[in-house]
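Remarks on the overall topology
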Amino acid sequence: MSYPVSINEEGIKLQPEKMDVDKPYYCIYQEKVMLFFKDKNDLLNCYEIEEKEIVDEVKQAKLEDIDNIIEKYVEKKNLNH
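This report concerns the structure included in the present document.

Definitions and limits used
- Numbering of residues begins from 1 in every chain and follows the order in which that chain's sequence is written.
- Side-chain atom pairs in this predicted model are given and counted only at pLDDT of 80 or more, local residue features only at pLDDT of at least 70, and totals for whole chains, interfaces and linings cover all residues.
- Side-chain figures throughout are based on the complete set of non-hydrogen atoms in the structure, without hydrogens or water.
- To qualify as a nonpolar core, a set must consist of buried Ala, Val, Leu, Ile, Met, Phe, Trp, Tyr and Cys residues joined through side-chain atoms within 4.5 Å.
- Buried, partly exposed and exposed residues are distinguished by accessible area as a fraction of the type maximum, computed with a 1.4 Å probe on protein chains only: under 20%, between the cut-offs, and over 50%, respectively.
- Secondary structure elements are taken from DSSP: a helix is a run of H or I of four residues or more, a strand is a run of E of two residues or more, and numbering for both begins at the N terminus.
- Any two residues having at least one pair of non-hydrogen atoms within 4.5 Å are treated as being in contact.
- Arc definition: directions from the helix axis to the C-beta atoms.

**Overview of the nonpolar core**
- Among the nonpolar cores identified, the biggest contains 12 residues, and these are Y26, V33, L35, I49, I54, V55, V58, I66, I69, I70, Y73 and V74.
- Mapped onto this core, the elements with two or more residues apiece are β4 (32–38), α1 (52–60) and α2 (63–77).
- With near-sequence residues (within four places) excluded, I70 lies in contact with P24, Y26, V33, L35 and V58.
- Counting residues in each nonpolar core, the second largest holds 6 residues, with V5, M19, Y25 and F36 among its members.

Okay, here's the thing in structure tokens:
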């Protein structure tokens, strides 16, 4: 299955029908980490992460490490409750 968040010349394109509930999806757009997730009520949630240290960490991380960085941020900020 393809990733439900992509960027094109018009901006960010989301495919919420491809998202799992409570799983964070992200992209880097305009020097921000854009974080999206669908909750148990099928509502789409969006957060902009502007903290330079998190943005830089995501940019420099290996692909397999990014999910961990995002999950730690979500837990720290208590975004999934």
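**What to know about α1**
- Of all the residues in α1, the buried ones are I54, V55 and V58. Burial along α1 is one-sided: seen end-on, the buried residues are contained in an arc of 100 degrees. Among the exposed residues of α1, those oriented more than 90 degrees off its buried face are K52, E53 and Q60.

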